[in-house]
Amino acid sequence: SGPQPLKGMKALVTAGPTHEPLDPVRFLGNRSSGKQGYAIAAALTKAGAETTLISGPVSLDPPAGVNLVKVETARDMLAATETALPADIAVFTAAVADWRPEDVADSKIKKTSGAPAAIRLATNPDILATVSHAGRRPRLVIGFAAETNDVVAQATQKRAKKDCDWIVANEVGGAVADGVFGADRNQVHIIDAAGHEEWPEMDKNEIASRLVARIVKTLEHA
Ligand code: C5P
């Protein structure tokens, strides 16, 4: 099974989209595939960490050895994340819906004649920011950011706002447009207190194993 430098440590990873119901058959969601988060959970497990993977609805098989917790909504994801604490390492890859329909109908909403009803939205909790500011803050809190422009500047601001240790930022749109969602490859920047690193484009599994190697190095020197 190879060296296990994270043996004895606990990790949690959020992954995938959230689905926010409108009624029993409809939801608001997004196209996140969950691939990057599942790959990171697999790499943390391989390195010996006891890993909880809190996943929104995706069509991926869970990596061997992880504790999988499946959720639908952002509020469920926050509750499952808090249940998984305390942890040494927390990685937030999930594409959490920023908003949810304020009212959820008990039965299927019927078509009406005339103008359709407006959907009123309520703000979802920010899971990453909540955990970063909590009393049981993990030693290493890592957020992700998808940006269309000014990747490093935006991610640097996001790191400060969310109070996480690292932001893994990727460019969506422009040259690498099609593809980050659902694709097997990705190109990221790592933003931390010391500055930023640009990584070449690589497979999401390769990003996961390099990220875990960086986590190991950081915790060894902490
Ligand atoms: O603000 P933004 O959505 O761009 O931030 C992305 C980061 O914050 C990701 O790590 C994502 O998993 C996390 N996040 C979260 N809960 C939210 C929104 C974002 O944990 N409601």
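Being a predicted model, the structure only gives us computed values, none of them experimental.

Rules behind the numbers
Residues numbered from 1 in each chain as written. Predicted model: local features only at pLDDT ≥ 70, side-chain atom pairs only at ≥ 80, totals over all residues. Heavy atoms only, no water. UniProt positions renumbered as here; feature names shortened; annotations may be inferred. 1 Å grid on protein atoms, 1.4 Å probe; cavity = no way out; pocket = protein on both sides within 12 Å on 5 of 7 lines; lining within 4 Å. Helix = DSSP H or I, 4+ residues; strand = E, 2+ residues; numbered from the N terminus. Buried < 20%, exposed > 50% of the residue type's maximum accessible area, 1.4 Å probe, protein only. Axes fitted to C-alpha atoms, helices over the stretch in contact; angles between N-to-C directions. Parallel < 35°, antiparallel > 145°, perpendicular 65-115°, else oblique. Left-handed = near helix turned anticlockwise from the far one by under 90°. Contact = heavy atoms within 4.5 Å. Nonpolar A, V, L, I, M, F, W, Y, C, P; charged D, E, K, R; others polar.

1. Regarding the UniProt feature "binding site: CTP" (unreviewed entry) in the protein chain
The UniProt record marks Asp 98, Lys 108, Pro 125, Asp 126, Ile 127, Leu 128, Phe 144, Lys 158 and Lys 162 with the feature "binding site: CTP" (unreviewed entry), using the residue numbering of this structure. A maximum C-alpha distance of 38.3 Å among these annotated residues, which run over 65 residues, shows that they spread across the structure rather than meeting at one spot. Restricting the annotated residues to those that line the largest pocket leaves Asp 98, Pro 125, Asp 126, Ile 127, Leu 128, Phe 144, Lys 158 and Lys 162. Looking at the element boundaries, Asp 126 is found in the loop between strand S8 (121-123) and helix H3 (127-132). Overall, the relative accessible area of 32% leaves Asp 126 in the partly exposed class. Tracing the sequence through the fold places Lys 162 in helix H4 (residues 151-162). Here Lys 162 falls in the buried class, since its relative accessible area comes to 16%.

2. So, the packing of helix H1 (residues 35-46) against helix H5 (residues 204-221)
At a closest axis distance of 8 Å, the pairing of H1 and H5 adopts a crossing angle of 45°. Looking at the two axes, H1 sits oblique to H5. Every pair of crossing elements has a handedness; the one defined by H1 and H5 is right-handed. Facing Lys 35, Gln 36, Ala 39, Ile 40, Ala 43 and Leu 44 of H1, the residues of H5 in contact are Lys 204, Asn 205, Ile 207, Ala 208, Ser 209, Leu 211, Val 212 and Ile 215. A breakdown of the residues in the contact of H1 with H5 according to their chemical character gives 9 nonpolar, 3 polar and 2 charged.

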